[in-house]
Amino acid sequence: MSAPSDPILTVEHLSMRFGGLVAVDDVSFSAARGQITALIGPNGAGKTTVFNCITGFYHPSVGMIRLDHADGTTYLLERLLDFRIAKLARVARTFQNIRLFPGMTVLENLLIAQHNPLMKASGFTVLGLLGLAVYRNAENAAIDKAKYWLDRVGLLRRADDPAGDLPYGEQRRVEIARAMCTDPVLLCLDEPAAGLNLRESAELNELLLGMRAEHKTSILLIEHDMSVVMGISDRVVVLDYGVKIFDGTPTDVRNDPKVIAAYLGVEDEEVEQAEAEVGL
Amino acid sequence: MARAAQTSARPSDLVGALKSGALAAIVAFGLFSLLIGIRTDQGPTGALELEPRLMALGAFLAVAFVGGFLRGWLAGERLDFASYLPDELKAAATQVGRFFGLALLAFAIVEPIIFYDNRYVLDLGILVLTYVMLGWGLNIVVGLAGLLDLGYVAFYAVGAYSYALLAQNFGWPFWICLPIAGFLAAGWGVILGFPVLRLRGDYLAIVTLAFGEIIRLVLLNWQSFTGGPNGISGIPRPSFFGIPFTDDEKGFAATFGLEFTPTHRIVFLYYVILALALLTNWVTLRLRRLPVGRAWEALREDEIACRSLGINTTTTKLTAFAMGAMFGGIAGSFFATRQGFISPESFTFSESALVLAIVVLGGMGSQLGVAVAAFAMLAAFELFREFAQYRMLVFGIAMVLIMIWRPRGLVATRTPSVALGKPKEVPAEIVAEARQ
């Protein structure tokens, strides 16, 4: 499949080495603006490493990661330091093992996500300390936005509960709502459906499709749940042992022999054939 | 109650408890048989004599046995006294708790009027309030931002020496030196903050501990600047906004047509430290509701999540250090003007430990808890002043008991900074602690 005409994210020749281990080896792909791109692969294929490179938690050993905003601004993510990727390039992410602020309420979690605009409105604390209306209005607007996203994920009634008290599936949704509160142009979801039951993952599909349609958010997701991947993604990139083995539409990915081999292994006679070829 | 009765009826528990008591007694015998059981004395001929003290040894063993027995007896029983109380009483306690802070504040305001003639109580009040302020200041760093700081006394020292040196060398008045001392201490907070940005938990604690010692050693050895071990004496006393507390026609008493008494100055000092402590409290409560305060708490909860949300963790940590240090510095300059004399001896590690103990005992992050803990700690110190030998022993036992009974401090719940409806307290179990 050819590269999308209007990519929001372009990853070129990305490699990540940890000592002698090559976790990601010369991977190039791109994600189209306003679409959902899925990154799949067996365990240990290097999906989360790619995510960590994109969101600035790792510095890639080699390669370029370019993010193009709709207004034409371009950010080279491999050069931005951790928090600036979220702040300037507006890439938000969730984590495979949920990382909420468990001792704070759900509403507080969503307000922390709006830290940078609120910080500006509070005059870097000075105006806020004096209790000026500028900050109060900004905070009310932030609360409204938090309420909107809580409503979208169906958790408005849990707003005042500590995030750590919520069941697993709800914590996943809070994390997505929190990421959306940062107004991201690209949302990176690391296994959002992990641990969800059938009904919950169907709801997740609906939520992600809604976000794409209404908020023009481009989404990059790592997922093992094929009902999510096949149901909503516009494009699928498959990694195996740190190498990209497939890049195309969800319908094509099902029939790709390399992908099937990576997930299910190969027939016995194929192994024998391959062994014969290399002279074993 | 029923459960307690049920468990105590089982004979196996009794045997277990007796075993536990016997074990404790045996260990105590091993420890104390020579230390307590035998006393060396000089006999009439000058030779060394051994005098057995079986009674004293017996008493120690008995205490150890009872302690061990109780431990075995109550093992598995949660020491949850609250569950034995009737619900009406608990509801009443919550009601009282709501107004407890206000009652405490009211008492703090009228204290100098009630105890006007009691210099000792007034001095003690000033001391308690100084530690309340220090506790509140450290609470920003430890309780909110979750950065374990064992060198807080360094900022107290910086504030004290800043005021002492500025006032002595340039003759600047207290009210100008106070904010300057605060800013200087905040500057040192940032200086400490930079090298420890990447550290957490125990490692952070070690570096801050060293920082506190470095500041003290510099003060001790930089003789030409700080006066070294002799300290600085004759630090100017504060004036009532320009009117000194002296026994002449220009003094405070004469200006207001009062009879001169040294108590005026003490009462004034009392209200100064009360105002400074309340300022600390007000600023902290305000900051908690601002983005910077929420970012501090988020940092305590999960630093990686903070970074993923675009929060600059470097500046967030530095502002926490600077803010905590600033209040420490202001308290320090108050200390200098109250004492009139400062030396490095006042800024040893035990001060840091005391302030940290106040914060931990009060419940990290809780303003009311810290105030109560400061009061309890210093009042207990004063009560046991006559039994100086046993002071630390009692202090240690009390700390152990409190850590068993309330491991997260007196006020363990966290109040959310914002809520759509009625704010619900967050239980301590899920709130992150400074150690991570």
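Keep in mind it's a predicted model, so treat the numbers as computed, not measured.

Visitor: How would you explain the overall build of chain B if you had to name every residue and give the values?
Guide: A count of helices and strands for chain B gives 17 helices and four strands. Across its three principal axes, chain B shows a C-alpha extent of roughly 75 × 75 × 50 Å. Burial statistics for chain B: of 436 residues in total, 39% are counted as buried.

Visitor: Describe the overall build of chain A, naming the residues involved and giving the relevant values.
Guide: Secondary structure assignment for chain A yields 12 helices and 10 strands. Reported as C-alpha extents along the three principal axes, the dimensions of chain A are approximately 80 × 40 × 35 Å. Counting contacts in chain A only where the partners sit at least 6 residues apart, residues at least 24 apart contribute 67% of the total.

Visitor: So what about the interface of chain A and chain B? Which residues, and what values?
Guide: The partner chain B presents 32 residues to the 32 residues of chain A that form the contact. Those elements giving two or more residues to the side of chain A that touches chain B turn out to be helix 2 (82-87), helix 3 (106-112), helix 4 (115-121) and helix 5 (126-130) of chain A. For the side of chain A that touches chain B, the residue count by class is 14 nonpolar, 10 polar and eight charged.

Visitor: Talk me through the domain arrangement of chain B; I want residue IDs and the actual numbers.
Guide: Taken domain by domain, chain B holds domain 1 (10-77) and domain 2 (118-430). When each unit is reduced to the centre of its C-alpha atoms, the spacing between domain 1 of chain B and domain 2 of chain B is 42 Å.

Visitor: Could you give an account of helix 12 (residues 291-301) of chain B, naming the residues involved and the relevant values?
Guide: Along an α-helix, residues three or four positions apart point the same way, because every turn accommodates 3.6 residues. Extensive coverage of helix 12 of chain B is indicated by the burial of 11 of its 11 residues. Every buried residue belonging to helix 12 of chain B is among Pro-291, Val-292, Gly-293, Arg-294, Ala-295, Trp-296, Glu-297, Ala-298, Leu-299, Arg-300 and Glu-301 of chain B, and all of these are buried.

Visitor: An account of the sheet that holds strand 4 (residues 62-68) of chain A is needed here, citing residue identities and associated values.
Guide: Residues and elements named next belong to chain A. Sheet architecture is open: four strands sit in the order 2-1-4-5, paired in antiparallel fashion. Here the strands that pair on one side only, and so sit at the sheet edges, are strand 2 (21-32) and strand 5 (74-76). The average angle at which neighbouring strand axes cross in this sheet is 15°, direction not considered.

Visitor: Lay out the packing of helix 6 (residues 153-170) of chain B against helix 8 (residues 201-221) of chain B with the relevant residues and their values.
Guide: The relative placement of two packed helices is expressed as an angle between their axes plus a distance between the axes. Residue and element names in this part refer to chain B. Interhelical geometry of helix 6 versus helix 8 gives an angle of 30° and a closest axis separation of 8 Å. Our classification of the angle between helix 6 and helix 8 gives roughly parallel. The residues of helix 8 that touch helix 6, namely those facing Val-153, Ala-154, Ala-157, Val-158 and Tyr-161, are Phe-211, Gly-212, Ile-215, Arg-216 and Leu-219. Its residues placed into classes, the contact of helix 6 with helix 8 shows eight nonpolar, one polar and one charged.

Visitor: Explain the sheet that holds strand 7 (residues 186-190) of chain A to me, using residue names and the numbers behind them.
Guide: Residue and element names in this part refer to chain A. Within the open sheet, the six strands sit side by side as 6-7-8-3-9-10. Their pairing is mixed. A strand with exactly one partner marks an edge of an open sheet, and here the two such strands are strand 6 (91-93) and strand 10 (243-248). This sheet shows a mean twist of 15° between the axes of neighbouring strands, independent of strand direction. Of the strand pairs in this sheet, strand 9 (residues 235-240) and strand 10 are connected by five bridges, and their pairing is antiparallel. Bridge assignment links Val-238 to a residue of strand 10, and that residue is Phe-246. In this fold helix 11 (residues 257-264) packs onto strand 9 and strand 10, with an angle of close to 130° to the strand it touches most, strand 10.

Visitor: Break down the pairing of strand 1 (residues 38-42) of chain B for me, citing the residues and quoting the values.
Guide: Of all five residues in strand 1 of chain B, zero are buried; the element is thus mostly exposed. If you look at the hairpin formed by strand 1 of chain B and strand 2 (residues 48-52) of chain B, you'll find five residues sitting between the two strands, and Gly-46 of chain B has a positive phi there, around 90°.

Visitor: Break down unusual backbone geometry for me, citing the residues and quoting the values.
Guide: Residues and elements named next belong to chain A. In this structure, His-13 takes a positive phi of about 50° despite not being glycine. For His-13, a count of 12 C-beta atoms within 10 Å corresponds to the exposed category. At Asp-183, a position not held by glycine, the phi torsion is positive, near 55°. Residue Asp-183 is classed as partly exposed on the basis of its 15 C-beta neighbours within 10 Å.

Visitor: An account of the domain arrangement of chain A is needed here, citing residue identities and associated values.
Guide: Residue and element names in this part refer to chain A. Here the domain parsing of chain A yields domain 1 (1-90 + 184-280) and domain 2 (100-182). For domain 1 and domain 2, the distance between their C-alpha centres works out to 29 Å. The partner domain 2 presents 10 residues to the 12 residues of domain 1 that form the contact. Every element with two or more residues in the side of domain 1 that touches domain 2 is listed here: helix 2, strand 7 and helix 8 (198-215). Per element, the largest residue contribution to the side of domain 1 that touches domain 2 is three residues, and it comes from helix 8.

Visitor: I'd like a description of the confidence of the model for chain B, backed by residues and values.
Guide: A low pLDDT score tells you not to read the predicted coordinates there in detail. Residues and elements named next belong to chain B. On average, chain B scores 82 in pLDDT, and the residues at 70 or more come to 91%. Within chain B, the element-level pLDDT minimum falls on helix 1 (residues 2-9), averaging 45, and the maximum on helix 14 (residues 313-339), averaging 91. Between residues 1-9, whose pLDDT stays under 50, and residues either more than four places distant or in other chains, the model counts five contacts. With a pTM of 0.82, the predicted complex shows an ipTM of 0.85.

Visitor: Describe helix 5 (residues 119-144) of chain B, listing the residues and the values that go with them.
Guide: Residues and elements named next belong to chain B. The end-to-end C-alpha distance of helix 5 is 36 Å, a good match for the 38 Å that 26 residues give at a rise of 1.5 Å each. In helix 5, a bend of some 40° at Leu-138 exceeds every other bend along the element. Of all 26 residues in helix 5, 19 are buried; the element is thus mostly enclosed. After helix 5 finishes, the residue Gly-146 shows a positive phi value of roughly 70°.

Visitor: Can you break down the nonpolar core residue by residue, with the values?
Guide: Ranked by size, the top nonpolar core spans 172 residues in total, and within it Leu-110 of chain A together with Val-132, Met-133, Tyr-156, Ala-157, Ile-273 and Ala-374 of chain B carry the most contacts. Considering every element that reaches this core, the biggest residue donor is helix 5 of chain B, with 13 residues. When neighbours within four sequence positions are excluded, Val-132 of chain B is seen to be in contact with Ala-277, Val-370, Ala-371 and Ala-374 of chain B. If you look at the next biggest cluster of nonpolar residues, it comprises six residues, including Val-411, Val-426, Ala-428 and Val-431 of chain B.

Reading the values: the criteria
Every chain's residues receive numbers from 1 upward, in the order its sequence appears when written. Chains carry letters and ligands carry numbers; both start at the beginning, A for chains and 1 for ligands, and go up in the order they are written. Since the coordinates come from a predicted model, pLDDT governs what is reported: local features require at least 70, and pairs of side-chain atoms require 80 or more to be given and counted, while whole-chain, interface and lining totals use all residues. Numbered from the N terminus, helices here are DSSP runs of H or I no shorter than four residues, and strands are runs of E no shorter than two. Between the buried cut of 20 or more and the exposed cut of 12 or fewer other C-beta atoms within 10 Å of a residue's own C-beta lies the partly exposed class, and all C-beta atoms are placed from the backbone. Whether two residues are in contact depends on their C-beta atoms, placed from the backbone: they are in contact if these lie within 7 Å. All residues other than Ala, Val, Leu, Ile, Met, Phe, Trp, Tyr, Cys, Pro, Asp, Glu, Lys and Arg, Gly among them, are scored as polar; the first ten of these are nonpolar and the last four charged. For the purposes of this description, domain bounds are those given by an automatic or database domain assignment. By the convention used here, strands pair only if DSSP detects at least 2 bridges between them. Lines fitted to C-alpha atoms define the axes, with helix axes restricted to the stretch in contact, and inter-axis angles between N-to-C directions lie between 0 and 180 degrees. Oblique is the label for any angle not covered by the other classes, which are roughly parallel (under 35 degrees), roughly antiparallel (over 145) and roughly perpendicular (65 to 115). Confidence scores per residue from the predictor, reported as pLDDT, run from 0 to 100. Helices are assigned an expected span. That span is 1.5 Å times one less than the residue count. By definition, a residue's bend is the angle between the axes fitted to the seven residues ending there and the seven starting there. Each nonpolar core comprises buried Ala, Val, Leu, Ile, Met, Phe, Trp, Tyr and Cys residues, the members being joined through C-beta atoms within 7 Å.

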